[in-house]
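Chain and residue survey
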Amino acid sequence: MTDSRYVLEDAPFGLVALVALRRATGREAILHEAGLRLLSSLYGRDFATENDMLEGLDIQSLVDEVRL
């Protein structure tokens, strides 16, 4: 397996963030979630838990502010 930054960085910090944002807006992210699960399976890692930046953000509050 290639250790590509396009996977190792974009999966946990790109896809995970997009999935969280879609959930906060009440929309599905079926293909993003499937891609994340596929990459996690291929690499034997749980990319969804590797994003340590989302804990500090309250995405739901940010979305609610934008909707006002």
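Basis of the calculations
- Residues numbered from 1 in each chain as written.
- Predicted model: local features only at pLDDT ≥ 70, side-chain atom pairs only at ≥ 80, totals over all residues.
- Heavy atoms only, no water.
- Salt bridge = Lys/Arg side-chain N within 4 Å of Asp/Glu carboxyl O.
- Buried < 20%, exposed > 50% of the residue type's maximum accessible area, 1.4 Å probe, protein only.
- Core = buried A, V, L, I, M, F, W, Y, C linked by side-chain atoms within 4.5 Å.
- Helix = DSSP H or I, 4+ residues; strand = E, 2+ residues; numbered from the N terminus.
- Contact = heavy atoms within 4.5 Å.

A word on the pattern of salt bridges
A full pass over the atoms with the stated rule returns three salt bridges. A salt bridge links E9 to R5, with the shortest nitrogen-to-oxygen separation between them at 4.0 Å. Between R45 and E50 there is a salt bridge, with the nearest N and O atoms lying 2.7 Å from each other. E50 sits in the partly exposed class, given a relative accessible area of 27%.

What to know about the nonpolar core
Core analysis: the largest hydrophobic core is formed by eleven residues, namely V7, A11, L15, V16, A24, L36, Y43, F47, L54, I59 and V63. Those elements giving two or more residues to this core turn out to be α2 (10-24), α3 (30-43) and α4 (59-67). With four residues, α2 is the single largest residue contributor to this core. Each residue touching V63, except ones within four places of it in the same chain, is listed here: L21, A24 and T25.

Looking at the environment of L39
Looking at the secondary structure, you find L39 in helix α3. Here L39 falls in the partly exposed class, since its relative accessible area comes to 21%. Taking the C-alpha atoms as reference points, L39 and L8, 31 residues apart in sequence, are found 9.3 Å from one another. Residue contacts for L39: discarding those within four places in its chain leaves V7, A11, L15 and F47.

By themselves these figures say nothing about function.
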